[in-house]
Amino acid sequence: MKDEALFTAVPNLPELMETADHIDIKTISGDVSMRQFIAEMLSYYPDWIKFLYRIRWFFVRLLGMKQEGIPQNMVMQPENVSFVPGDPAAFFKVQMAEEDRYWFVAETESHLTAHLGVIMEPGHDENRFHVLTLVHYHRWTGPVYFNVIRPFHHIVVRQMMKAGVKRQLRLQKA
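What counts, and at which threshold
Residues numbered from 1 in each chain as written. Predicted model: local features only at pLDDT ≥ 70, side-chain atom pairs only at ≥ 80, totals over all residues. Heavy atoms only, no water. Patch = residues over 30% accessible without salt bridge, like charges linked within 9 Å, V, L, I, M, F, W, Y side chains within 5 Å. Areas by Shrake-Rupley, 256 points an atom, 1.4 Å probe, with all protein chains shown as cover. Salt bridge = Lys/Arg side-chain N within 4 Å of Asp/Glu carboxyl O. Helix = DSSP H or I, 4+ residues; strand = E, 2+ residues; numbered from the N terminus. Buried < 20%, exposed > 50% of the residue type's maximum accessible area, 1.4 Å probe, protein only.

J.: Explanation requested: a nonpolar patch on the surface in the structure shown.
T.: Judged by side-chain polarity, Trp 140, Val 144 and Val 148 come together as a nonpolar surface patch covering roughly 300 Å² of accessible area. Relative to the helices and strands, Val 144 resides in helix 5 (residues 141-165). Note on Val 144: relative accessible area 35%, which makes it partly exposed.

Dropping the structure here:
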């Protein structure tokens, strides 16, 4: 693991990681705040991701599951990023968060629970953001589903992270 102390400083994270069926950690640096990073990351929703959701709609039906429509475009502003457990964040719910340190959300479906987390390491010129994906399977469809989407997951998360560190014109005008 990259920096053990960084991850053990987040409450409940060691237990979540210990019981996870899949763990993915990606890191990126940028001269944005944690709120800006999260807002831009969650606002990233190009047409190719919408297309993947349409394919997912058919795939989950093959596994006997349902998808409640295709997520709509959502532009999140940094000031609207919640750090309050239980609050919504896109199609997730905030699980645990501390301003400028960590932010974890989760979504539970019948086949799995997916946790998305951001841990920030403050820097002098740039902040370093560790983005974690933790997956807990509930039924046999969990690993089948996730292993099919896993290659796309890596691409989507990486692109979301890149969007997170870019200062958008709408943020620069503020």
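J.: I keep staring at the pattern of salt bridges and nothing clicks. Help me out?
T.: It is possible for side chains of opposite charge to pair when their charged atoms get near one another. In total, this model carries 4 salt bridges according to the counting rule given. Residues Glu 98 and Arg 101 are paired through a salt bridge, measuring 3.1 Å at the closest nitrogen-oxygen approach. By relative accessible area, Glu 98 is classed as partly exposed at 32%. Here Arg 128 makes a salt bridge to Glu 121, at a shortest N to O gap of 4.0 Å. Among the residues examined, Arg 128 registers a relative accessible area of 41% and is labelled partly exposed. Since its relative accessible area comes to 23%, Glu 121 is described here as partly exposed.

This is a description of form; function is not addressed.
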